[in-house]
Structures are given as C-alpha cells and as structure tokens.
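Architecture at a glance
What follows is the residue order along each chain.
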Amino acid sequence: MLQSELLAEADRLGSNTRAAASYLNEFHERLALPLSCFILTLLGFPLGFLSGPRHKTVGIPLGLAIFILYYVLMTGARTLSESLLMPAAFAMWLPNIIFLVLTTLFIRSIAGEKHSAYMEKFYDFTYAVSSKLSKRRRESR
C-alpha cells in the first residue's frame, strides 16, 4: 500500500481501533526506519572513539547490541501502539528520539575530547558482555 492509502484506511477504520493502529504503525514505521539508519550511523562515530590505546576494540559486538536494543524498543513501541496504550505517531518515533538523545550526548562528549562517566560505563558494560561471550565460546570448544 502507498502511504496515502495507509492513512486513508486507518481513517476509514476509525482512530481508536486496533486495525487502524496497525495501519498507522506501518505508516510511521516506513518514515521512522530510514531516519533510524542515519541516527545509528551517527551514533557509530563516537562509539568508534571508545577504542583507543587502553581499550580493546568492541566494535562488532557493540554494533550488534545497539541494533538489538533498537529492534527491541521498536517492537515494544509497536506493541504499545497496537494495544492502544500509546498513539502510533509517538510510539513509532520514540526509539528514534531515545537514540537521537543518546547520540547527541555521545557526540558532545567526544567533541569535548573527554570520555564522560556515562560513556565509560557504557563501554565497561559492553566490554564485560563481550568478554563473557568470548569466554563461553572458548569453554564450549
């Protein structure tokens, strides 16, 4: 369906129905996902600066963890919207808003050429998870 057809069908079904929410979710998801690619790309720049002389590179596990977190947030937002607990427009854009704020905080920290406390905690968490996963992988061999 075209974007205009999605809106027309949602309007025809009524604003407070689950079927209409499904169409509105699809409409907003088609707009939000391309923007999320841009936001996640921008988020990759400051996270790339986390690895340095004293840090082990955790780029791939960190990228996967961020993608999974975004996917979980998007799925949760869709569920909240389809259960009529949250408007579709707000729910489908909420993960982008969260990641835009996170990206802005990380970029400001890197632009100031300092690692702030939340970036260090984020790095420590991802490093601990990747270390445990690699340790389990070695033990299973």
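Our subject in this report is the structure included herewith.

Cut-offs used in this document
Residues numbered from 1 in each chain as written. Predicted model: local features only at pLDDT ≥ 70, side-chain atom pairs only at ≥ 80, totals over all residues. Heavy atoms only, no water. Phe/Tyr/Trp six-rings, centres within 6.5 Å; stacked < 30°, edge-to-face > 60°. Helix = DSSP H or I, 4+ residues; strand = E, 2+ residues; numbered from the N terminus. Buried < 20%, exposed > 50% of the residue type's maximum accessible area, 1.4 Å probe, protein only. Expected span 1.5 Å × (residues − 1). Bend = angle between axes of the 7 residues up to and from the residue. Salt bridge = Lys/Arg side-chain N within 4 Å of Asp/Glu carboxyl O. Axes fitted to C-alpha atoms, helices over the stretch in contact; angles between N-to-C directions. Parallel < 35°, antiparallel > 145°, perpendicular 65-115°, else oblique. Left-handed = near helix turned anticlockwise from the far one by under 90°. Contact = heavy atoms within 4.5 Å. Nonpolar A, V, L, I, M, F, W, Y, C, P; charged D, E, K, R; others polar. Patch = residues over 30% accessible without salt bridge, like charges linked within 9 Å, V, L, I, M, F, W, Y side chains within 5 Å. Areas by Shrake-Rupley, 256 points an atom, 1.4 Å probe, with all protein chains shown as cover. Lys, Arg positive; Asp, Glu negative; His and termini not counted. Charge placed at Lys NZ, Arg CZ, Asp CG, Glu CD.

Re the packing of aromatic side chains
One pair of aromatic rings is described through two measures. These are the centre distance and the angle between the planes. In total, this model carries one aromatic pair according to the counting rule given. Both rings, one in Tyr-70 and one in Phe-99, keep their centres 5.6 Å apart while their planes meet at 70°; by these two values the pair is edge-to-face. Here the residue Tyr-70 occupies a position in helix H3 (residues 59-82), and Phe-99 occupies one in helix H4 (residues 88-111), the gap between them amounting to 29 residues. A residue is classified by how much of its surface remains accessible, and Tyr-70, at 6% relative accessible area, is buried. Taking the relative accessible area as the measure of exposure, Phe-99 reaches 2% and is therefore buried.

Concerning H4
Here H4 is 24 residues long and its end C-alpha atoms lie 35 Å apart, about the 34 Å a rise of 1.5 Å per residue gives. By the largest-angle criterion, Leu-94 marks the main kink of H4, which is about 40°, and a proline, Pro-95, follows within four residues.

Focus: the pattern of salt bridges
Scanning the entire structure with this criterion turns up five salt bridges. One network of salt bridges, with partners in common, ties together Glu-26, Glu-29, Arg-30, Arg-78 and Glu-82.

Notes on the packing of helix H1 (residues 3-13) against helix H2 (residues 18-48)
The N-to-C vectors of H1 and H2 enclose an angle of 155°; their axes lie 8 Å apart at closest approach. Overall, the two elements H1 and H2 adopt an arrangement that is roughly antiparallel. The chirality of how H1 crosses H2 is left-handed. Of H2, the residues touching H1 (which contributes Gln-3, Leu-6, Leu-7, Glu-9, Ala-10 and Leu-13) are Ala-19, Ala-20, Tyr-23, Leu-24, Glu-26, Phe-27, Arg-30 and Leu-31. Here the contact of H1 with H2 is built from residues that sort into 10 nonpolar, one polar and three charged.

Some points on the side chain of Ser-36
For Ser-36, the location among the structural elements is in helix H2. Excluding residues that lie within four positions of it along the chain, Ser-36 makes contacts with Tyr-70 and Asn-96.

Points about a positive patch on the surface
Side chains of Lys-132, Lys-135, Arg-136, Arg-137 and Arg-138 sit close together on the surface and give a patch of like positive charge. With respect to the secondary-structure elements, Arg-136 resides in helix H5 (residues 117-140). A relative accessible area of 61% places Arg-136 in the exposed class.

Comments concerning the packing of H2 against H4
The contact between H2 and H4 brings their axes to 8 Å, and the two run at 10°. Here H2 lies roughly parallel to H4, going by the angle between them. Of the residues that constitute the contact of H2 with H4, the class distribution is 21 nonpolar, five polar and one charged.

Considerations on unusual backbone geometry
Its identity is not glycine, yet Leu-84 carries a phi of approximately 65°, on the positive side. Its place among the elements puts Leu-84 in the loop between H3 and H4. Among the residues examined, Leu-84 registers a relative accessible area of 41% and is labelled partly exposed.

These figures come from the coordinates and say nothing about function on their own.
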